[in-house]
Amino acid sequence: GDMDPLSVSLKEVDRVEVLTLMDNFVDVLLEDTEVVTRPPKASGEEIPTDTLLAEHGLSLLVKVQRGTQKHTIMLDTGYNSMSVLHNMDILAIDPNELEVIVLSHAHMDHTGSLHAILEKISKPIPLVVHPDAFLYPRFLEEKDWSIKRFPRTLVRNDFEQRNVKIHESKAPTPILDGAILVTGEVERTTAFEKGMPNALLERDGRLEPDPIKDDQALVMNLKQKGLVVISGCSHAGIINTVLYAKKLTGVEKVYAVLGGFHLSGAFFEKILAQTIDRLKALSPAVVVPMHCTGRKATELISREFPSSFVLNSVGSKITLT
């Protein structure tokens, strides 16, 4: 059957917590709901003089629980080399809690604090990446046809002096004893999700379209509820990502879809309607657009998914049980 070459057994988990260490938006006045807990405004009676920072970046602390076992990983590390650590400090997160770091792809807004975080971790830690994350140089073509080069944030040799075990794979990789699946390279099956049209890659001295094949996501199977899919930027397409998660795990039900859906700007607004239709067909109970989803898409999702939508903010914790 279809499943044979890739079939992965993903263990059911009892609880998933996603704490946003970095996102494009922060608002300390948001209210708690059944699904989301906002950070306290103060510890004790004094309102602090310092606050959480937001930037064009993403970093998520993901905790899973199976029975008495608890695991903690980080997906992506924000843009600025300082901000994620600043927010971890305010949220009282010890970098040594991290058991694995997963990078959704190589772009600077997902890899920026990586080295700064690694410096704070005392034990060797696995870093899960797609091999194409090390490709360089990569470019963006602007509206005026000018070409801008992405900064190089991942260099293999830079990790040799660090406490890192690089695990690179295009194939799906179960981590933490099968509690979380890293999708590896996402199969692209929808007709409308075409990647990032202005991303370019240099190969043999020539520029060609960059499919951003290193784009990958996290998948968990929440007991009695279904799949929890967490994307970084969904350059492969958020629907492709969820469909691939279903295919890999053999689980039909999708409970929660979180992360960056990359629907910002004129090119992606053309596929908004189709994306929303397909997302509705999956009928997730929780939808949390982040980072690069874009304002129009986020507003549309909030209207079309009135009971599932959660407005994310730095320091917000999504709890799924």
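Source: prediction; values computed, not measured. (Residues numbered from 1 in each chain as written. Predicted model: local features only at pLDDT ≥ 70, side-chain atom pairs only at ≥ 80, totals over all residues. Heavy atoms only, no water.)

Before going further, it helps to examine the nonpolar core. Counting 32 residues, the largest nonpolar core has Val16, Leu218, Met220 and Ile230 as its most contacted members. Excluding residues that lie within four positions of it along the chain, Leu218 makes contacts with Val62, Ile73, Leu75, Val102, Ile180, Leu181, Val182, Val228, Val229 and Ile230. If you look at the next biggest cluster of nonpolar residues, it comprises 30 residues, including Ile239, Ala245, Leu248 and Val287. (Core = buried A, V, L, I, M, F, W, Y, C linked by side-chain atoms within 4.5 Å. Buried < 20%, exposed > 50% of the residue type's maximum accessible area, 1.4 Å probe, protein only. Contact = heavy atoms within 4.5 Å.)

Before going further, it helps to spend a moment on the sheet that holds strand β4 (residues 59–66). Taken in spatial order, the eight strands make up an open sheet running β3-β19-β2-β4-β5-β6-β7-β10, and their pairing is mixed. The open sheet terminates on both sides in strands that have one partner only, identified here as β3 (36–37) and β10 (164–168). In terms of strand pairing, strand β7 (residues 125–129) meets β10 through five bridges, oriented parallel. Within β10, the residue paired with Val129 across the bridge is Glu168. Against the sheet, helix α1 (residues 83–90) contacts β2 (15–22), β4 and β5 (69–75), and its axis sits at roughly 125° relative to β2. (Pairing = 2+ DSSP bridges. Helix = DSSP H or I, 4+ residues; strand = E, 2+ residues; numbered from the N terminus. Axes fitted to C-alpha atoms, helices over the stretch in contact; angles between N-to-C directions.)

Attention shifts here to the packing of helix α4 (residues 238–249) against helix α6 (residues 272–282). Running from N to C, α4 and α6 cross one another at 25°; their axes reach a closest spacing of 10 Å. With respect to α6, the axis of α4 lies roughly parallel. Along this stretch, α4 crosses α6, giving a crossing that reads as left-handed. Together, Ile238, Ile239, Val242, Leu243 and Lys246 of α4 and Thr275, Arg278, Leu279 and Leu282 of α6 make up the contact between the two elements. Looking at the contact of α4 with α6 residue by residue, the classes come out as six nonpolar, one polar and two charged. (Parallel < 35°, antiparallel > 145°, perpendicular 65-115°, else oblique. Left-handed = near helix turned anticlockwise from the far one by under 90°. Nonpolar A, V, L, I, M, F, W, Y, C, P; charged D, E, K, R; others polar.)

A few words now on the pairing of strand β15 (residues 217–222). For β15, the buried fraction is high: six of the six residues fall into the buried class. Both faces of β15 are covered, namely the face carrying Ala217, Val219 and Asn221 and the face carrying Leu218, Met220 and Leu222. In this sheet, β15 lies alongside strand β1 (residues 12–13) in parallel orientation, the contact comprising two bridges. The residue of β15 that forms the bridge with Val13 is Leu222. The pairing of strand β12 (residues 180–182) with β15 spans two bridges and is classified as antiparallel. Looking at the pairing, Leu181 lines up with Val219 of β15. Relative to strand β16 (residues 226–231), β15 runs antiparallel, the two being bridged by six bridges. Paired with Leu218 across the strands is Ile230, a residue of β16. Linking β15 back to β16 in an antiparallel pair, the connection comprises three residues, with Gln224 at a positive phi of about 65°.

All right, on to the pattern of salt bridges then. Scanning the model with the defined rule gives 14 salt bridges in all. Between Asp177 and Lys11 there is a salt bridge, and its shortest N-O distance comes to 3.5 Å. Of the two residues, Asp177 is situated in the loop between β11 (173–175) and β12 and Lys11 in the segment before β1; the sequence distance between them amounts to 166 residues. Here the residues in one salt-bridge network are Arg138, Asp210 and Asp214, joined through shared partners. (Salt bridge = Lys/Arg side-chain N within 4 Å of Asp/Glu carboxyl O.)

Read these as geometric descriptors, not functional statements.
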